[in-house]
Amino acid sequence: MGVEYVSVQWNRQKKFYDAVLVGGVAAFLVIFSVLTKVLFPRVTDEIMLIRAFGTGAFLLLHIILCIGPLCRLNPQFLPLLYNRRHAGVTCFLLGLIHAALVVITYHAGSDTNPILSIFVSSPINGSVSSVPFQPFGFFALIILFLMAATSHDFWLANLSAPVWKSLHMLVYVAYALLVLHVTFGVIQGEGSPLYVGTVALGLVTVLGLHITAARREVALDSESRLTPHASRPTESQSLVTSSPTEDEFVDACAVADISENRARIVCLSGERVAIFKYEGKISAVSNVCQHQNGPLGEGKIVSGCITCPWHGYQYQPDTGASPPPFVEKIPTFNVRVKNGRVFVHPKPNPAGTRAKPATIDGSSRREEAHSVTGNSESLVTLAATKK
Amino acid sequence: MIAAAFLIALGIYLACGLVFALPFVLVGAKRIDPHAAQGPWGFRLLIIPGVMALWPLLLRRWATGVKEPPEECNAHRRAARKGVAP
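Draft legend 1. Just the interface of chain B and chain A, in detail. Counting from both sides, the interface comprises 42 residues of chain B and, opposite them, 49 residues of chain A. Carbon and sulfur atoms make up 71% of the surface buried where chain B meets chain A, a total of about 3200 Å² over both sides. Summed over the three residues of chain B that lose the most area to chain A, namely His35, Glu72 and His76 of chain B, the buried surface amounts to 22% of that side. The interface formed by chain B and chain A contains zero salt bridges. The tally of links from chain B across to chain A stands at ten residue pairs in polar contact (both at pLDDT 80 or more). Sorting elements by how many residues they give to the side of chain B that touches chain A places helix H2 (residues 41–63) of chain B first, with twelve residues. Of the residues assigned to the side of chain B that touches chain A, the class counts are 30 nonpolar, eight polar and four charged.

Set out below in structure tokens:
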């Protein structure tokens, strides 16, 4: 966002991602069409194409919805997240082709406007077979259009990431509408319990993954939540930390808890804070990437910069500013290190403000070394016990 | 009747958006976002559907002389602006 906008920010990874995406969609359409012809020989070509594109869009939407929680549960899925917007646009295009084929096949050629015909062609008489399922698909397609139309970084910048994300949360409304659209469509069309069961399986998968990921996030937040008052050290700790706590610094974690070039995430001042250890120093920044609000603390320091695990946006750990020519900035926090503990001041500095990194002192290094040695000794003891 | 009224309203809204989109992608985009000044034609074409959908917001920004995209708002940024710990 710090440089001029381009049509599509292609790079090698995105080209590979899109090649797999297009190849996968094409393979699905071919396999689905062949299977339809073999299993249902009486189905016409138009209906086969309508079902192929509709099913492709619905399946792709399931994959898109599962990527988010899967990444929260296992970082190995992060490459799928990298170019998810292109998958979303593809999903909309598949849905649009499906809708166009439906309008041409079922609604064109009469006196009624073809789009209006979607709403008035099924008279409601109270039975399941008369539920007008096509309007559900129409409104879902409008939401998918809104999301695809605002997928460029221009919209991320001009709506701001939180508003953009809220807008794109409408995908869940679209998904609910599509579940109704497909369920009633299947009941009124084929009527096979196999299809209804498949839709239910997809719904359970999406819901199950989201609930599992949400529970994990809530548990992590409650474990790492710090408050200036509640997190003051205990009596034994205060002997070695009295100076920082007098200035309202909060005891966040031990230096040894943080891996080199990685972060420890704590909840402070209403949001997550990422505390990074690098080159013998400690810096703390807001955990929220300015690009798409990705979790910076789950990334690592690459070439001296905090690198977001979602799309690779970078920030200098001491200033919270992206290296030139980029202009993104995030709030920083003042930090101190004393006797092997990291203390963070709860008041964030304005985005892009330099906060002097805390140098890891000798005692902290000794404690860190002791912690590592202790772990090794524990492992040796454990191995001996097992023998 | 309701469906017909809805579709007419939607059509009018999008038609207004299309009329607004032409001057916006040529002139307005660079006024409200300096990073759009040298944007290629592909970029301008890609944002037209979004402009058609969100044209009242963009018209307000352009008309009120906004020169930069808005800064995002979250708990840390709010606290930093206020200058106090929340």
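Read on, since the account is not over.
Draft legend 2. Main features of the packing of helix H2 (residues 45–73) of chain A against helix H9 (residues 171–188) of chain A. All names here are of chain A. One can describe the packing of H2 onto H9 by two numbers: an axis separation of 11 Å at closest approach and a directional angle of 145°. Once H2 is placed against H9, the crossing between them reads as left-handed. Across from Phe58, Leu61, His62 and Leu65 in H2, the residues of H9 making contact are Val171, Tyr172, Tyr175, Leu178, Val179 and Val182. For the contact of H2 with H9, the residue count by class is nine nonpolar, one polar and no charged.

Draft legend 3. The arrangement of the pairing of strand S9 (residues 335–338) of chain A in detail. Residues Val335 and Val337 of chain A of S9 of chain A are buried on one face, while the alternating residues Arg336 and Lys338 of chain A, pointing to the opposite face, are not. The hairpin formed by S9 of chain A and strand S10 (residues 341–344) of chain A contains two residues between the paired strands, and Asn339 of chain A there has a positive phi angle of roughly 50°.

Draft legend 4. Inspection of unusual backbone geometry at higher detail. In the segment running from Pro324 of chain A into Pro325 of chain A, the intervening peptide bond is cis, with an omega of 5°. With respect to the secondary-structure elements, Pro325 of chain A resides in the loop between strand S7 (314–315) and strand S8 (332–333).

Draft legend 5. Examining H9 of chain A more closely. Residue and element names in this part refer to chain A. When the terminal C-alpha atoms of H9 are compared, their 25 Å separation across 18 residues agrees well with the 26 Å that a helix rising 1.5 Å per residue should span. Every buried residue of H9 is accounted for by Val171, Ala174, Tyr175, Leu177, Leu178, Val179, His181, Thr183, Phe184, Gly185 and Val186. Those residues of H9 that are buried lie in contact with H2, helix H4 (84–107), helix H6 (134–149), helix H8 (161–168) and helix H10 (193–224).

Draft legend 6. A look at the sheet that holds strand S5 (residues 300–302) of chain A. Residue and element names in this part refer to chain A. Spatial strand order, S5-S6-S7: three strands in an open sheet with antiparallel pairing. The two strands at the open ends of the sheet, each matched to only one other strand, are S5 and S7. Looking at chain direction, strand S6 (residues 305–307) and S7 are connected through two bridges and run antiparallel. Bridge pairing links Thr307 to Gln314 in S7.

Calculation rules
Residues numbered from 1 in each chain as written. Chains lettered and ligands numbered in written order. Predicted model: local features only at pLDDT ≥ 70, side-chain atom pairs only at ≥ 80, totals over all residues. Heavy atoms only, no water. Contact = heavy atoms within 4.5 Å. Buried area = accessible area lost by both parts, 1.4 Å probe. Salt bridge = Lys/Arg side-chain N within 4 Å of Asp/Glu carboxyl O. Polar contact = N/O pair within 3.5 Å; in protein donor to acceptor, adjacent residues only side chain to side chain. Helix = DSSP H or I, 4+ residues; strand = E, 2+ residues; numbered from the N terminus. Nonpolar A, V, L, I, M, F, W, Y, C, P; charged D, E, K, R; others polar. Axes fitted to C-alpha atoms, helices over the stretch in contact; angles between N-to-C directions. Left-handed = near helix turned anticlockwise from the far one by under 90°. Buried < 20%, exposed > 50% of the residue type's maximum accessible area, 1.4 Å probe, protein only. Pairing = 2+ DSSP bridges. Expected span 1.5 Å × (residues − 1).

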